[in-house]
Every structure is written in C-alpha cells, then in structure tokens.
Amino acid sequence: MNPSLPRPPVRADRPLRGYSVNPVSGSNAASSLRPTSGFSAAGLRLKTLLTVFAVLLAALLPSTARAGSCQGVACITAGPRLAQVDSTQGPLLNLLLGGLLGSNVQLNVADWNGLNSSNVDLGLFLNALQARTSTGSTTAALNATATLAQFLGAAADAAQQSGDLAAVSAIGALTGGLNASALNQTARVGDFLKLGFNQGAFNTSKVNLLNLVTGGVQLFNSQNTLTTANNPISLSGVSADLSALGVAGLGVTTPTVKAYLQITEPPIMVCGPAGTQFYTASIRVKLDIDLSGIPTLAVAGVAGASVKLTNVQLYLDIARAQGTIGTINAVGRSLSLQATPGLANLYLGSIPDSVFFNRSRILTSADLNYAKIGAVAASVTVPPVGPTVPVNIDINAKASANGSYPLGTLSFAGPYPQSQKVGSSSAAVPVLVDDLIQNLSIQLNVTTTILPALTGVVTPLLDTLLSTLLTPVKTLSKGVLRPVLVAALRSTVDQLLYLLGIGIGQAEVTVLGVNNSCLLTGNVYRDLEPDGVRGGSEVWSGPQLYATQLTGTAAAQTASVPTGSGAFSFQVGEGTFAVLLNPAPSATTPASPAGYLFVNPVTGSASATVTAGSASIPDLPYGLFFGDRVTGKTYRDDGRGTGGAPNNARQESGEPNLSGVTVALTGSGGSRSTVTDASGNYTLYLPGDWTGNSLSTGSGTGAVTGVYNGSAATLAGNIGGSGVRPYPLPNPSGAARQADFGLVQNLALSAAPAQISEAPATLRYIHSLKPGTLGTLAFSAVSGFVTQIYLDTNCDGVVDASERATPVSSVTVDATWPRDTNGDLKACAVELDVALATGTTPGTVDNALLSAGLTWTGNTAVQDAAAATDTSTVIPGTVLTKKVANLTRTPANTPVTEGDSADAFPKDILRYCLTASNTGPQAATLLVIKDTLKPLVVYQVGSLTLDGAALSDVADTDAGEVVGRDVSVRVPTLASGAQSRVCFQVQVP
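Residues numbered from 1 in each chain as written. Predicted model: local features only at pLDDT ≥ 70, side-chain atom pairs only at ≥ 80, totals over all residues. Heavy atoms only, no water.

Student: Would you explain the overall build of the protein chain in this entry?
Tutor: Of regular secondary structure, the protein chain possesses 11 helices and 60 strands. On C-alpha atoms alone, the protein chain measures out to a radius of gyration of 57 Å, which is more than a quarter above the 30 Å that the 2.2 N^0.38 rule sets for 989 residues. Within the protein chain, the proportion of its 989 residues that are buried is 51%. The contacts of the protein chain with a sequence gap of at least 6 include a subset with a gap of at least 24, amounting to 73%. Total accessible area on the protein chain is roughly 39500 Å²; 53% of this is exposed by carbon and sulfur atoms. Positive and negative charge centroids in the protein chain, built from 53 and 58 side chains respectively, lie 15 Å apart. (Helix = DSSP H or I, 4+ residues; strand = E, 2+ residues; numbered from the N terminus. Rg over C-alpha atoms; globule rule 2.2 N^0.38 Å. Buried < 20%, exposed > 50% of the residue type's maximum accessible area, 1.4 Å probe, protein only. Contact = heavy atoms within 4.5 Å. Areas by Shrake-Rupley, 256 points an atom, 1.4 Å probe, with all protein chains shown as cover. Lys, Arg positive; Asp, Glu negative; His and termini not counted. Charge placed at Lys NZ, Arg CZ, Asp CG, Glu CD.)

The structure is reproduced here in structure tokens:
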C-alpha cells in the first residue's frame, strides 16, 4: 500500500473533497481518511462541440505576463463524452438523476438523445440565466443563488433561441417530472460554470445540453442534502461466475445490487494556460448486494456445518481525479497534460447513512462497524451420548481498502474534442477488491438460545465450534465474495459512474480545444491639442468612463478607466474583438462623457485581432477632447449636373467638392484655421471654454450660398453672406457639429481698353462676362452719349452682326448657359457701343458705366453685381484734303501743282491727290483713305500710289486696290502730325 501522505493545509471555509489515506495493516484495520489540499468549484462536463474558448481571466495567467503578451490556453473537462445515449443508459439516467434530485424522472431515450445532440451558445444560456434570476449582469447571475427551476428554465430558453425544439421538449419533460422540493433546490451556478475569469469569452462557445443538465444535477445534489436513499438504483446484468472456486453447487450467480449515490463535490471545467488544474466530481456510493441467490454451502472440514451468505453492504468513497495542463502549442493546436485518477476508498460492513452521506464528515476507520453478511448452521453433541443441539451462528464482517493511482502523461494533437484515459477501471477494480478481501475481518456470533441447564456443558463446545469454523468460513466467504464484489463494482462504474465522468483507478480527460490568449490593453487620455496622439503630459482627468469588450454585439467584459493613467486591460482569445468606451458599464455602443468627444478613434471603438500565432497585440489608445468637433465640406453650389439646384446650400450630384479652401474658427479664445483636403473636407476643434464662436471661409473663395448643419440649411441674406459668413456656432457641449459651406464664384465683368476718336464715330467696347452661378442677369449703361448693349449669345467670344441686331437689357442664366470643360459657367462677350455725336468738341472725355447684376436662382434676396467703365476721348482727328491737277495742260518742264479745281477738256489726264493729316495728339491706326470716281471719267490703270510708291490696282497683299469706281488705300499707322498722300489718275472722256 501507499505510504502516508503529509497533511496539507485545510481550507476553513468549506470541507475539501480530495483525500490521502493511511495504509491498512491488520485484518481489522479500517482506512483513515485525511483531507488534502484542493479547491472547491463546480464544473461542467461538456460533450463534443464546445468550441475553442476565446478569452481567459488575466488572473489565470502567470503574474509575470506583460501587457499585450500572448500565450497558449486549453479548455479541458475531466470525464468522457457520450456518442449517444443507448436503451440501457436512458433508464439509468432517469434513475440516477431522479435519485439525486429525490424525484421521478421519466424521459425516453429519444429525449435524452435530444439533449445529447443539442449544442447551444453558452452566451444564450448565461443571458437566459440572468433574466431568470433577475440580476443585473451575467456575472451577478453566476454568483446569485439560483433554483434548479431557474437553471433548467435558462437551459430551455437557450435551446428555444437556438431553434432546438426537441431539446426544449426534453427539458420540459424533465422539469415536469420533478417535484416542487427538487425544483426549489438552490445553488450558486458560478460553482458549476467556473467562468469568473470572463464569461464573455464563452458567449459563442457551444455547450452540450446533456452535459449541462447532468453537471447541473451534480451541482445541486452536492449543495443540498439529497441522496438516492429514497430512490435507489438497481443495477442490471450483474453476474459473477463462482464455478472456479470448485465448491459444489456454485456456478454463475446474478446478485441483486442497489446503489445509493451522493455527489460530495461537483466537477469543474476549466480553460487556462499551462499550470491550470482540473478535476472530476467526487462521489460516495453505497451498494446493497443481495446474496440470497447463492446456494447454501458446506463448510469444509466441519461435518454438518453449512454457510448461507445473505447480504453485503459496500461503501465506495471516490475522491476527485485531477490533473494539470502542461505545455501548450497554440499554433500547432497541441498540448500535454498530467492526470491522476482519484483515490478510491472501499468499505465492507456497516456505516450509518447519517455518517456516510454527511458531506461535512470525513470518513475514518472508526465509522465502520461489523455487519451481518450471512449465517452458519451447525450443531454440537453433548457428551457422552447426549442430545445434539443445533446452533445458528451469524457471520459478521468488516473490511476496508484504499487505492491510489500513479500520475499519467497524455499528449493531444486534435482534432477536438478529443478524449484519452489514464489508468483503467477494469484493471483497478480487482486490485481494490483483493485488498478489501485481504483485510476482511470475520466475527462469528451464536444466535441460538441455550437452555440454562446446558450452558455449562455447551459453552465450551461452542467455543471449540467457533474456533473450528472461523478459518473455513472466512476462506469460503472470501472466495465467494471476491468475484461478486468485482462484478458489482464493475457494473457500478460502467453503468452509473461513467455517466458522471467518474472511474475507479481511471481518469478520462477530454480536451475541448487549444487556443491562443492575449492580454488586450488600452489607455484613455485627454487630447489637449487635439492631434490624435498621446503626449507625454496628457492623462485622463475627465469623468468616470468604462471600457467594454464586445463578443459579437454583446458586452463580454467591462473595466473601469482610472484617472491618471487611464489604463485598462482584458484577457481575450483568438478572434477580432471590439473595445468601446461609455460612461456606463457593459454598454454595447460607444458614448463620450458630457462635454467630451472622441478624437482617436473618432467612433470611440477600436478593435484588436488575435491569431494562433500572435505573440503580442498592440495597445489601444483612446483620445478624448473637451469641446466640440466641427466637420464639414466646401463645394461649388452652382447647380451643375443633372437635377442640380443652385444656391440652396445643399450639395447635389454634379456639384464638385472644393479643396484648398481656408476655413477659420474664431471665438473668445482666439482663432483656429485649416484648409479643406482633396475631397473638400475639413475638421476643426472648438475648445469647451470658448464663447462667441463662429466659422467663416477665407477671402477669395467666392460667395457663400449658405451653410448646411446636417439637418437644415441657412441661406445667405445677401452677396456678402449675411447670416452665414461668419456662421455662428453655439457654445461647445461635447458635440460633433456639421457645417457644409456652399460656394459660388462671383459675377465677373472684365474691363475694356479706353478709346479715342474724332466725332462722329461709334466706339465698340468688348467685355468678358462670367456668371458665378445661375440666375437672372440685368444690364445697364450710363453715358453722355447714346449706348447699346449686345451679348455674345453663343459664347464664342465675338459679337457678330446677327447678335448686334438685338440689344439686351436682361438674360436668364440657366442650365442652357454654356460651361467650360471644368464645369464652370463659361465667360461670354458683352459689347457696349458708344455713339460719339457729330459736333462733339475735341477733348471731350466720356466715362460710360456698364453694369451687370445677377439675381440668384433659388434665393432672390441675393444680388451679385459687377461693373466696368469704358472711357471715350473725342479728339480732333485726321483731316483729309483732296487736290486735282491737269497733267495734259501743264507745260513741259513746269512743276505740276494741284489745286482745289482744274479746267479740263476731253481726253485730258487729271491727277487727284488725297492727303490725310493727323492733327490729333495720338497716332491714328487702321486708317483707310477712300474715294469714289466721278461719273464718266476713266481710271488710268497702274496710276495708284501711296506716298509716291506705286500700288497694284487689284486687291492683293499691298495697301491699295481699285474695285469698280472705288479707290481704297489702307494706312496702318499715322503718327501725330504726320501726313500720308494717295494719288491716282483719270481721263476725261
């Protein structure tokens, strides 16, 4: 046997259920049980599809784990997983659970398999438990005292939400069979589901409902006084072959075995890193074995003596099997662990139920008493030839044994869930029974009443008889009891204990999954600039905030954000997790405290991703600004594009964003400005202590049509932007405000060069007019002379004769107005004609004012205006004189002199000379000297000259031509004070 184990510290808050045992010596010695160290927690024996758990408590991780660091974790339950519930196991489950709950359970095999095949999200069960217990959180629900009715109701709710109607029906049948006393039993579910390290990690994990129900029953049985005493479980098919004993009449026997069970400590399911411990339930089982089916047996060596075995009571006390997670490889999804089967203590004899089923009582050898297991029928003869006296003798026996089992190492590599065993109940049971039989102590007690007259004679005879019988009766009892007890214990393990994940000398471990787990850290700070980056002096000094980690859309973990460092952390598993801030704990949407807004991230929510290969994850910073954030855009609000409406402070399709526009914020604390980005967007932050605040776009950006705040537009009151430039802002309150500026170009009218001319003349001033937006244009001119305004209606840059046919005073700028390739309204020519009146005194200067006004479409309160001044100066101009000389009548060698007139006769040749003299102060340009031949005279071909230089008569590249009877000569420039002379000859007919 094992040597005694040293006595470890005993926890004072509740009894412990692990044991060490002293070796048994001597046939009458009983095992001495002592508590070992351990911890009390409820567990859950999950079946196949409990998925790899995602998040574990930082407290489960080594204290040396650094912020953001990761390590492998595993989820383990000690016990088997059932492939299915068969026709034998179904009735036994009815008896087992009904007995543990003191009720009648009558589920059929289909119901049990309905539970066995149902896997629900643990998050659904936890939320349902919270609702059933009317607590404020799932953590509170786990720590609350719940009734069995609430527990089973939560399981049914989870199945209902998963759409598993068969499981709902099965739980309904189970609940319907339980009495009120059972349903009102209470327990702390947190001792069953050991999820204090972050139940949110399990929200999407799958829990098997059969394991949930059976594990829950073990929990409620372990925390209440119920045993199966009132509802013993009869084991079926117990069979022992006694023929090998070689005793006449012995063959195969089928003793009746009744089992009474009590859970002394429920199992635990754990998820954790290397070093995490796990264990099964511990249990006490009383077996009542009816041996009446074994025939009466002769006692060897004692004539006429026979033995009739009647009944044996066995007491089995099994401590929890336990183990420790070894190495974990999250990437390879593998791990090793060590497990030890629970200590088993076996007693034969009698222990009062009040002692054996008292969970607070630690069993010792003093608790074991002798119990009758059968009777001997014999006789004695009174000498010398006296009467033969029949003697009835009770066989009383007791024995104890214990089994401790070696540590085993197991390696797992998936796929999961995966089960492996340490040790074997089949092998351990015979060894434990052999120890018990070896330690069997027998007492023979005479029950026959002896006549007083014979007492003195018979008593010595009885003493001799008892001495003679003791050894053969003990030998016979041992031989018969061993195979019977082995069969009974094996049936107990195989039929009952296996359903609860318990074995003798055997520990079965199921690995549900291997995962990676990381410490997700974050920090909150007040961003003073703000710039989205935590500066060295920036700490959190604002109101109370909570960081909440979501699993899906549900709150999984919440941490209070401390002032100062603002640091918080969560332990998370593989996956992508959102973490948000809110002044309220366990919120599922982000919110900033009053007066603050989020800067980075602007949503108040950030995420982190953990993979199997993650060695660490980055810290999540959260910057908050005390004040308002003003965002918006600037865009061209001129109605371009299909369906676009101009001047309405709303951006429609086709109206482009404007980049590079300066937007300035001004208030009591000063001013801040920014420039819109390539998409026309801007962001400005308004400190919370500023007052009298306003926004404005910079100069040179055109006219503001209005501002849209996200819900309503405020239109400009005039071309200067009254009411919107600047745009007033309310005092900051931690709000995110919007201010979109609609901008249009101002109406533009270009200047035209000043002109000088003699009078009379019509001077044409060509202007370029560019509307900034759609509307109605009105034209006017103020001058000392008669004026006309003409528009280049096709915007080709030239006012042609057809366009001069109709003067304009107004025109509509609408969707038909031509646009440039960039979408801007195109610039068109506007011509102002100024008619210099005849007789105007040279030196007269006229400043004609051309005005254009644009009334905006959609906002007639706004009128844009542009004007240009056209200056006209009346000058003396160029004087043209015409002289004539008769070449035919001029004597030879006499200079030809032109005069105002000349006498002429038929066939005479006359020369006409036209002299242009520029008497004005400036050069005359584009001068054309024209004359028309008088009737009947004949032009002399080749006689045309300009300043003495011959010109061709035809219209070609030189300055003159004669077309019909018209003579034309062009003088490009005639300087002030200069003259130019054109001459030609004609013949008188």
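Student: It is not clear to me how the state of the cysteines should be interpreted in this structure. Could you clarify?
Tutor: One covalent bond between the sulfur atoms of two cysteine residues makes up a disulfide. Applying the stated criterion across every chain, the model contains 3 disulfides. Between the sulfur atoms of Cys70 and its disulfide partner Cys518 the distance amounts to 1.9 Å. Because the torsion about its S-S bond is 105°, the bridge between Cys70 and Cys518 counts as right-handed. Taken together, the positions of Cys70 in strand 3 (residues 70–78) and Cys518 in strand 26 (residues 506–526) put the pair 448 residues apart, joining distant regions of the chain. Residue classification places Cys70 among the buried residues on the basis of a relative accessible area of 18%. Residue classification places Cys518 among the buried positions, given a relative accessible area of 0%. Here Cys913 connects covalently by a disulfide to Cys983, the sulfurs 2.1 Å from one another. Between Cys913 and Cys983, the S-S torsion sits near 115°, and that sign places the bridge as right-handed. Residue Cys913 is found in strand 53 (residues 909–918), and its partner Cys983 is found in strand 60 (residues 979–987); the two are separated by 70 residues along the sequence. (Disulfide = S-S within 2.5 Å.)

Student: Is there a simple way to explain the nonpolar core in this structure?
Tutor: In globular proteins that are soluble, nonpolar side chains generally tend to be buried together. Core analysis: the biggest nonpolar cluster contains 122 residues, and Phe125, Leu261, Leu348 and Leu469 have the highest contact counts within it. Looking at this core element by element, the count peaks at 17 residues for helix 11 (residues 452–496). Setting aside its immediate chain neighbours within four residues, Phe125 contacts Phe151, Ala154, Ala155, Ala158, Leu193 and Leu212. Residues Leu695, Val704, Leu832 and Ala866 belong to the second largest nonpolar core, which totals 51 residues. (Core = buried A, V, L, I, M, F, W, Y, C linked by side-chain atoms within 4.5 Å.)

Student: Whenever I open this one, the packing of aromatic side chains confuses me. Can you help?
Tutor: A ring pair, where both rings are aromatic, is described by two values, the distance of the centres and the angle of the planes. Scanning all chains against the criterion turns up 10 aromatic pairs. Plain terms: the ring middles of Phe125 and Phe151 are 5.6 Å apart, the flat faces sit at 75° to each other, and that makes the pair edge-to-face. Here Phe151 lies in helix 5 (residues 148–161) and Phe125 lies in helix 3 (residues 122–133), a separation of 26 residues in the sequence. A network of ring pairs unites the aromatic residues Phe125, Phe151 and Phe220 as a single cluster. Positioned above the aromatic ring of Phe356, the side-chain terminus of Arg284 is 5.9 Å from the ring centre. Seen from the ring of Trp690, Arg672 lies directly overhead, with NZ or CZ sitting 5.8 Å from the centre. (Phe/Tyr/Trp six-rings, centres within 6.5 Å; stacked < 30°, edge-to-face > 60°. Lys NZ or Arg CZ within 6 Å of the ring centre and 35° of its normal.)

Student: How should helix 6 (residues 165–177) be read in this particular structure?
Tutor: Since one α-helical turn is 3.6 residues long, residues separated by three or four positions face the same way. End to end, helix 6 covers 19 Å across 13 residues, agreeing with the expected 18 Å (1.5 Å per residue, within 8%). As for helix 6, its buried residues are in contact with helix 2 (109–116), helix 5 and helix 8 (209–222). (Expected span 1.5 Å × (residues − 1).)

Student: Honestly, the pattern of salt bridges in this entry has me stumped. Any pointers?
Tutor: For the structure on display, the rule yields 23 salt bridges. Of the charged contacts, one joins Asp638 and Arg640 as a salt bridge, the two residues approaching to 2.7 Å between their closest N and O atoms. Here Asp638 matches Arg640 in class, with each residue buried. Overlapping salt bridges, with partners in common, bring together Asp638, Arg640, Arg819 and Asp824 in one network. (Salt bridge = Lys/Arg side-chain N within 4 Å of Asp/Glu carboxyl O.)

Student: Hey, could you run me through the sheet that holds strand 45 (residues 761–770) in this one?
Tutor: As a general point, the strands of a sheet are linked pairwise by backbone hydrogen bonds and lie either parallel or antiparallel. With antiparallel pairing, 4 strands are arranged side by side in an open sheet as 43-45-49-47. The open sheet has two edge strands, strand 43 (748–749) and strand 47 (786–791), and neither has a second partner. Sheet topology note: the strand 43/strand 45 ladder contains 2 bridges and is antiparallel. Looking at strand 45, one finds that Leu749 is bridged to Leu769. (Pairing = 2+ DSSP bridges.)

Student: I tried to follow the side chain of Asn859 on my own but got confused; where do I start?
Tutor: By the secondary structure assignment, Asn859 is in the loop between strand 50 (845–856) and strand 51 (863–874). On the basis of relative accessible area, Asn859 is assigned to the buried category, the value being 9%. Look past the residues within four positions of Asn859 in its chain and what remains in contact with it is Asn647, Leu715 and Ala716.

Student: Please clarify how unusual backbone geometry should be interpreted in this entry.
Tutor: If a residue is not glycine, its phi is most likely negative; likewise, a peptide bond is most likely trans. Going from Gly414 to Pro415, the amide bond is cis rather than trans, its omega being -5°. Looking at the element boundaries, Pro415 is found in the loop between strand 23 (408–412) and strand 24 (418–423).

Student: Is there a simple way to think about the sheet that holds strand 35 (residues 670–675) in this case?
Tutor: Pairing is antiparallel across the open sheet formed by 4 strands, whose spatial order is 35-34-37-40. In this open sheet, the two strands that pair with only one neighbour each are strand 35 and strand 40 (727–729). Adjacent strand axes in the sheet meet at a mean angle of 20°, parallel and antiparallel pairs treated alike. Taken together, the 3 bridges between strand 37 (residues 693–697) and strand 40 define a ladder with antiparallel strand orientation. Bridging from a neighbouring strand, Ser694 pairs with Pro728 of strand 40. (Axes fitted to C-alpha atoms, helices over the stretch in contact; angles between N-to-C directions.)

Student: Please explain the environment of Arg804 as it appears in this structure.
Tutor: By the element assignment, Arg804 lies in the loop between strand 47 and strand 48 (810–813). With 29 residues separating them along the chain, Arg804 and Asp833 place their C-alpha atoms 9.9 Å apart. Ignoring sequence-local partners within four residues, the contact set of Arg804 consists of Arg764, Tyr790, Val799, Glu831 and Asp833. Separated by 2.8 Å, the side chains of Arg804 and Glu831 make a polar contact. (Polar contact = N/O pair within 3.5 Å; in protein donor to acceptor, adjacent residues only side chain to side chain.)

Student: In this structure, what is going on with the pairing of strand 38 (residues 703–708)? I would like to understand it.
Tutor: Remark: a regular strand shows side chains that alternate across the two faces of the sheet. Counting buried positions along strand 38 yields 6 of 6 residues, so the element is predominantly enclosed. Here strand 38 pairs with strand 42 (residues 740–744) via 5 bridges, running antiparallel. Across the sheet, residue Ala703 finds its bridge partner in strand 42, namely Val744. Bridge count for strand 38 against strand 39 (residues 713–715) is 3 bridges, and the pairing is antiparallel. By the bridge assignment for strand 39, Val707 is matched with Thr714.

Student: What am I meant to see in the environment of Leu107 here?
Tutor: Note that Leu107 resides in the loop between helix 1 (89–101) and helix 2. The exposure class of Leu107 is buried, given its relative accessible area of 5%. It is 34 Å that separates the C-alpha atoms of Leu107 and Gly323, two residues lying 216 residues apart in sequence. Sequence-distant contacts of Leu107, defined by excluding residues within four places in its chain, comprise Asn94, Trp112, Leu115, Ala170, Ala173 and Leu174.

Student: Please explain the packing of helix 5 against helix 6 as it appears in this structure.
Tutor: A packed helix pair is summarised by two numbers, namely the angle formed by the two axes and the spacing between the axes. Look at helix 5 against helix 6: their axes get within 8 Å of each other, and the N-to-C directions meet at 165°. Taken together, the axes of helix 5 and helix 6 lie roughly antiparallel to each other. Crossing handedness for the pair helix 5 and helix 6: left-handed. Residues Leu152, Ala155, Ala156, Ala159 and Gln160 of helix 5 pack against Leu165, Ala167, Val168, Ile171, Leu174 and Thr175 of helix 6. For the contact of helix 5 with helix 6, the class distribution of residues is 9 nonpolar, 2 polar and no charged. (Parallel < 35°, antiparallel > 145°, perpendicular 65-115°, else oblique. Left-handed = near helix turned anticlockwise from the far one by under 90°. Nonpolar A, V, L, I, M, F, W, Y, C, P; charged D, E, K, R; others polar.)

Student: Sorry, what's going on with helix 2 here?
Tutor: Listing the buried residues of helix 2 in full gives Asp111, Trp112, Gly114, Leu115 and Asn116. Looking at the buried positions of helix 2, the neighbouring elements they touch are helix 1, helix 6, strand 7 (206–208) and helix 8. N-cap assignment for helix 2: the residue whose side-chain oxygen lies 3.1 Å from the backbone N of Ala110 is Asn108.

Student: Whenever I open this one, the packing of helix 2 against helix 8 confuses me. Can you help?
Tutor: Contact geometry of helix 2 with helix 8 gives a least axis separation of 6 Å together with a crossing angle of 105°. Looking at the two axes, helix 2 sits roughly perpendicular to helix 8. Contacts between helix 2 and helix 8 pair Trp112, Leu115 and Asn116 from the former with Leu209, Leu210 and Val213 from the latter. Of the residues contributing to the contact of helix 2 with helix 8, the split by class is 5 nonpolar, 1 polar and no charged.

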